[in-house]
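Residue strings, one per chain:
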Amino acid sequence: MAHRAVLTARQRAALFHLPTDEALILRHYALSDEDIDFIRTRRRPENLIGFALQLCALRYPGRLLRPGEIIPKEMSDFIAAQLGVKPDDLLHYAERENTRHEHLEVLRKIYRYEMFKGKRVKQMRAWLDQNAEGAQSSEGLVRAFVQECRGRHIILPGTTVMERMCADALVAAERRIETRITACLDRAMRARLDGLLNEEEEGQTTTFVWLRQFEPGKNSADINRLLDRLEFLKAIALAPEIMDDIPAHRVTRLRRQGERYFAKGLRDITSDRRLAILAVCVVEWSAAIADTVVETHDRIVGSVWRDAKRICDARVTEAQADVAKTLAGFETLGSNLLMAKGDDAALANAVDSSCGWSGLESLVAQATQLQATVKADTLAHVSKGFHRFKRYARRMLNALDMTCASVAQPLITAAQIIRDKQDIPATSLTFLQPRSKWRPQFRAPDIDQERLWVVAVLCHLRDAFRSGDIWLPHSRRHADMKQALVSIDAARAMGLSMPLEPEIWMADRKRRLEEGLKRLAKAVRSKTLPSGVIEDGVLRVSRLDADVPEEAGDLVLDLYRRLPETRITDILTEVDKDTGFTEAFTHLHTGAPCRDKIGLLNVLLAEGLNLGLSKMANATNTHDFIQLSRLSRWHVESEGMARALAMVIDAQTHLPMTKFWGVGKTASSDGQFFPTTRQGEAMNLINAKYGNEPGIKAYTHVSDQYAPFATQVIPATVSEAPYILDGLLMNEAGRKIKEQYADTGGFTDLVFAATSLLGYHFHPRIRDLSSKRLHVFDLRAVPKELKGLTGDKIREAKIVENWPDVLRCIATMLSGRMQPSHLLKKLAARPRQHDLALALREIGRVERTLFIIEWLLDTDMQRRAHIGLNKGEAHHALKGALRIGRQREIRDRTTEGQHFRIAGLNLLTAIIIYWNSKQLGNAVARRQRAGLDCPPELLAHISPLGWAHIILTGEYRWRKIEAQNP
């Protein structure tokens, strides 16, 4: 079998080198009394320490000591101290060649270690066969192999032997999976799949490439193009069940390979692998295109509503002159009537002199018409969207395999009537709620009820998909929520931070609310409320004063003057040398690390600076566009970006300078708007807050150490609140956070509930805090000073009844089975009052009340949140400076392209922050050596976000990078 490179030199060192880290030495090399008794059976000091060192190496990293191997001083000092000998005694160990072998045999007998040979090799090969399919990466399999050998007391073989065995197991597992998939395909299906590579669509490209070119659209033409692809894939009739026994990450990898290959490349690979990739792509693209059809329909419905609102607004604007004229007429009439008050004859004359009775009738008629115009509901004009829906509705309803909850069955029945082109029962409105605003529109005169009925059904279909009342089988984004949620037994076994019984949570929150209300009332009575006053039931919040010493500014300027002016290319190579972040980018098929590091850094720099590969090829003298494109296609993946970011951030946390900024336990999150071109697809929507140009938002989480540990691309028009938990749960850095800050747009009651139940302290900055109400369990127990601030009573019964589903919901977020943002949006979008959403809202009200009380009483909390949010906003300036290409616009047409552009920008930002943190630490050390003071309280106000000393433009030249044997 082909032997692939599995580990880089850095990864081998991490696995097999003797440790120098104090924590690892303490964990693995603390000798027990029994160990010391065995060791002391050796007599001379050199044999004591040599015997002990061999024992420690067998335990960790689990291998034999090599002849002449240099033992780290930290390790020898620690072991010698436990034995009461000198570390230098080791120099005389094993002067007789057989001593080391004799000691090894004794250790093997005492501690039952086995050599890696004979049946042990067969056992580990069998273990590899069982676990290779589930391995997420080559490195992960080697690590698991090493751990298994340690657990079985099998002495590790040479690194090349292990890598070869793991590589062979991975290749074998890959081939088994490919064979398993192709075994499910009959001859006709194989021919249909291979046909995707030969046929041409519209004479320009193969059907295979045409099928994978899909993105959410915004009009009926876009959705019809998507339906062309979905109908084609459905006609292939490949059952999704053929993937049921294939690990999810293997399916994802095969799909991504299919999306990277061109048809010619696929034709050149082996039959089983080619057919497996094609089969996976057909199944996965079918589900993905169905989701994209639903999303495009969602956008079209939104566009119809926006157009209807514009019609309403335009008619109101057009009526302004008539409104003014009518009001003037009534003003004249009213004035004359008031002057003639009490005289019937004069009253009649007043009418005649003003406008006359016929004129009065005209005024009244005009006023009635204007009142109808001003009060017109947007719904009155929504039916104008019928022509858009008519172009694709039947095709969409026929192509989507929709399933629904019982509550949405009338809506499905109505959709089937449209699909089957049956007579439309415009008077049958069972899919509408009794108090729906749509019902009066059906009674309005001069309304085309059939068209309105169709529009109403399709609009409600959008809402049902959003809420999860209707779902698609095998969907990634619109699956059945009940199946997606973790089971209650699994939830209880997960070790959640929230109580498993609602009574425990309820008792704790009642106690905390009671104590908090008392403290707040006491502060109001004594007029000692630190952040405002409450008078006559009205809260007035004062502004927090700044708390930055004046001396900090001079220190910042001095430290940044000490930083060297450096090219961005040199920064990338230096940080890679320190952290090895390029090792995170492995080949999509082989899993081998990228050998061409300079080429890879060119690609990452092109993404981060928003240049694009074509401009980067012109700006660098090392690679052309084809080379960069190949590296980007096969090595730069979302997982690689995430791993590289995690490596840089983890390395930054260990720099001396970061301790002045925090310990990585608090974070802030905020969205940053990036303009896009109007020609773009994906999520290029217009948000009036940012002007009239379309754009996207990058929602980023920043730790107290300035590390941007998570970022997401979201539409410019959506609420940011649901995405807070995504960043906290998507990586290890986020899971370490204890206190999370967000701006005023980043909170809802559902977010308050979810963050608290997951164990986070959520501290948003609420702009309209004075208008928020306090919600309590017992209204009678509220102190009189706070009566005016009290809102609704908490519905305890609703929380208790739905606690099992609340457990499942939180466990699902924690498990990663469904993105928290997706789950929260579905709960928030439910058109009906769903019990789980209501229970979470009640929990959120309790948590929000507790937060408001603490916020008003604790200025330190306010200041921490203010500092945290300022760190996040400061990131925006650095990212704005880095986005130098393409006139600062994100011009990628696809969602994937936009994602990589933002992820690359975030990674480049993290790299600069790491380098600045390191250099600032060096500058502090130089300043201290010069006898200048650097007070820690001032260093806390320095940020690593400066860029004036970094050369970002010009030609990108690279210093030679030392080749690492992967």
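Summarised in this report is the structure supplied together with it.

**Some points on the packing of aromatic side chains**
As enumerated under the stated definition, the model contains 15 aromatic pairs in all. Between tryptophan 210 and phenylalanine 232, the aromatic rings sit 6.0 Å apart at their centres with planes inclined by 85°, giving edge-to-face as the arrangement. Residue tryptophan 210 is located in helix H11 (residues 207-211), and its partner phenylalanine 232 is located in helix H12 (residues 220-236); the two are separated by 22 residues in the primary sequence. For phenylalanine 232, a relative accessible area of 27% corresponds to the partly exposed category. Ring centres of phenylalanine 431 and tryptophan 453 lie 5.8 Å apart, and the angle between their planes is 85°; this geometry places the pair in the edge-to-face category. One end of the pair, phenylalanine 431, is in the loop between helix H22 (409-419) and helix H23 (438-442); the other, tryptophan 453, is in helix H24 (residues 449-467), and 22 residues separate them in sequence. Per residue, the accessibility class of phenylalanine 431 equals that of tryptophan 453, and both read buried. Here a set of aromatic residues connected by ring pairs shows up, and it is made of Phe747, Phe752, Phe762, Phe851 and Trp855. Taking the ring centre of phenylalanine 777 as reference, the NZ or CZ of lysine 510 above it sits at 5.6 Å. One cation-aromatic arrangement involves lysine 871 over tyrosine 706; the distance from NZ or CZ to the ring centre is 4.8 Å.

**Digging into the layout of surface pockets**
Approximately 720 Å³ is the volume found for the second largest pocket. Around the second largest pocket, the lining comprises 31 residues; the ones closest to its centre are Tyr706, Ile867, Lys871, Ala940 and His941. Those elements giving two or more residues to the lining of the second largest pocket turn out to be helix H28 (551-561), strand S8 (666-675), strand S10 (694-703) and helix H41 (859-882). A per-element tally of the lining of the second largest pocket places H41 first, with 8 residues.

**Here we look at the environment of isoleucine 598**
Along the chain, the position of isoleucine 598 falls in helix H30 (residues 597-608). Between the alpha carbons of isoleucine 598 and alanine 239 there is a distance of 44 Å; along the sequence they are 359 residues apart.

**Digging into the side chain of arginine 150**
With respect to the helices and strands, arginine 150 occurs in helix H8 (residues 138-151). No salt bridge is formed by the buried arginine 150, whose closest oppositely charged neighbour, glutamate 148, lies at an N-O distance of 11 Å. Beyond its immediate stretch of four places on either side in the chain, arginine 150 contacts Leu15, Arg59, Tyr60, Pro61 and Gly62.

**Let's talk about helix H5 (residues 73-83)**
Buried within H5 we find Met75, Ser76, Ile79, Ala80 and Leu83. For H5, the angular spread of the buried residues around the axis is 120°, confining them to a single face. Away from its buried face, by an angle of more than 90 degrees, H5 presents the exposed residues Lys73 and Ala81. Its buried side turned inward, H5 meets helix H2 (22-29), helix H3 (33-39) and helix H4 (45-59). Two residues or fewer after H5 comes glycine 84, characterised by a positive phi angle close to 75°.

**Points about a negative patch on the surface**
A cluster of acidic residues, Glu550, Glu551, Asp554, Asp933 and Glu937, forms a negative patch at the surface. Looking at the secondary structure, you find glutamate 551 in helix H28. Residue class for glutamate 551 comes out partly exposed when judged on its relative accessible area of 48%.

**Describing the environment of alanine 456**
Mapping alanine 456 onto the fold places it in helix H24. Its relative accessible area of 0% is what places alanine 456 among the buried residues. Here the alpha-carbon distance between alanine 456 and alanine 414, two residues 42 residues apart in the chain, equals 10.0 Å. Each residue touching alanine 456, except ones within four places of it in the same chain, is listed here: Phe431, Trp438 and Phe442.

**Looking at the packing of H28 against helix H42 (residues 895-929)**
Two elements in contact, H28 and H42, have axes whose closest approach is 9 Å; the angle formed by their N-to-C orientations is 105°. When the axes of H28 and H42 are compared, the pair comes out roughly perpendicular. Residues Leu555, Asp558, Leu559 and Tyr560 of H28 form the contact with H42, whose participating residues are Asn916, Leu920, Ala923, Val924 and Arg927. Taken together, the residues that form the contact of H28 with H42 break down as 6 nonpolar, 1 polar and 2 charged.

**Considerations on the pattern of salt bridges**
Tallied over the full model, the rule gives 69 salt bridges. With a closest N to O distance of 4.0 Å, glutamate 178 and arginine 273 form a salt bridge. Of this pair, glutamate 178 sits in helix H9 (residues 159-182) while arginine 273 sits in helix H15 (residues 271-318); the two residues are 95 residues apart in sequence, bridging distant segments of the chain. On the basis of relative accessible area, arginine 273 is assigned to the buried category, the value being 8%. When salt bridges with common partners are traced through the structure, they connect Asp508, Arg509, Arg511, Arg512, Glu515 and Glu847 into a single cluster.

**Some details on the pairing of strand S13 (residues 761-764)**
Bridge count between strand S12 (residues 739-742) and S13: 4 bridges; the pairing is parallel. In the strand pairing of S13, glutamate 739 is matched with histidine 761. Since S12 and S13 lie parallel, the crossover through helix H36 (residues 749-757) that links them has a hand, and here it is right-handed.

**Re the side chain of serine 668**
Relative to the helices and strands, serine 668 is located in strand S8. Using a relative accessible area of 3% as the deciding quantity, one classes serine 668 as buried. A polar side-chain atom of serine 668 sits 2.8 Å from the main-chain carbonyl oxygen of glycine 868. With near-sequence residues (within four places) excluded, serine 668 lies in contact with Thr700, His701, Val702, Gln740, Tyr741, Gly868, Leu869 and Gly872.

**Focus on the environment of glycine 608**
Its place among the elements puts glycine 608 in helix H30. Separated by 308 residues in the primary sequence, glycine 608 and asparagine 916 place their C-alpha atoms 17 Å from one another. Sequence-distant contacts of glycine 608, defined by excluding residues within four places in its chain, comprise Leu882, Gly904, Leu905 and Leu908.

**Observations regarding the pairing of strand S5 (residues 532-535)**
Along S5, the buried face is formed by Gly532 and Ile534; none of Val533 and Glu535, which line the opposite face, is buried. Sheet analysis places S5 next to strand S6 (residues 538-541), joined by 4 bridges and oriented antiparallel. By the bridge assignment, glutamate 535 is partnered in S6 with valine 538.

**With respect to unusual backbone geometry**
Residue proline 61 is bonded to the preceding tyrosine 60 through a cis peptide linkage, with omega at 10°. If you trace the backbone, proline 61 turns up in the loop between H4 and H5. Non-glycine residue alanine 237 carries a positive phi angle of around 60°. Tracing the sequence through the fold places alanine 237 in the loop between H12 and helix H13 (248-260).

Conventions we followed
- Residues numbered from 1 in each chain as written.
- Predicted model: local features only at pLDDT ≥ 70, side-chain atom pairs only at ≥ 80, totals over all residues.
- Heavy atoms only, no water.
- Phe/Tyr/Trp six-rings, centres within 6.5 Å; stacked < 30°, edge-to-face > 60°.
- Helix = DSSP H or I, 4+ residues; strand = E, 2+ residues; numbered from the N terminus.
- Buried < 20%, exposed > 50% of the residue type's maximum accessible area, 1.4 Å probe, protein only.
- Lys NZ or Arg CZ within 6 Å of the ring centre and 35° of its normal.
- 1 Å grid on protein atoms, 1.4 Å probe; cavity = no way out; pocket = protein on both sides within 12 Å on 5 of 7 lines; lining within 4 Å.
- Points joined across faces, edges and corners; volume = space filled by probe spheres on them.
- Lys, Arg positive; Asp, Glu negative; His and termini not counted.
- Salt bridge = Lys/Arg side-chain N within 4 Å of Asp/Glu carboxyl O.
- Contact = heavy atoms within 4.5 Å.
- Arc of directions from axis to C-beta.
- Patch = residues over 30% accessible without salt bridge, like charges linked within 9 Å, V, L, I, M, F, W, Y side chains within 5 Å.
- Areas by Shrake-Rupley, 256 points an atom, 1.4 Å probe, with all protein chains shown as cover.
- Charge placed at Lys NZ, Arg CZ, Asp CG, Glu CD.
- Axes fitted to C-alpha atoms, helices over the stretch in contact; angles between N-to-C directions.
- Parallel < 35°, antiparallel > 145°, perpendicular 65-115°, else oblique.
- Nonpolar A, V, L, I, M, F, W, Y, C, P; charged D, E, K, R; others polar.
- Pairing = 2+ DSSP bridges.
- Right-handed = clockwise from strand over helix to strand, strands pointing away.
- Polar contact = N/O pair within 3.5 Å; in protein donor to acceptor, adjacent residues only side chain to side chain.

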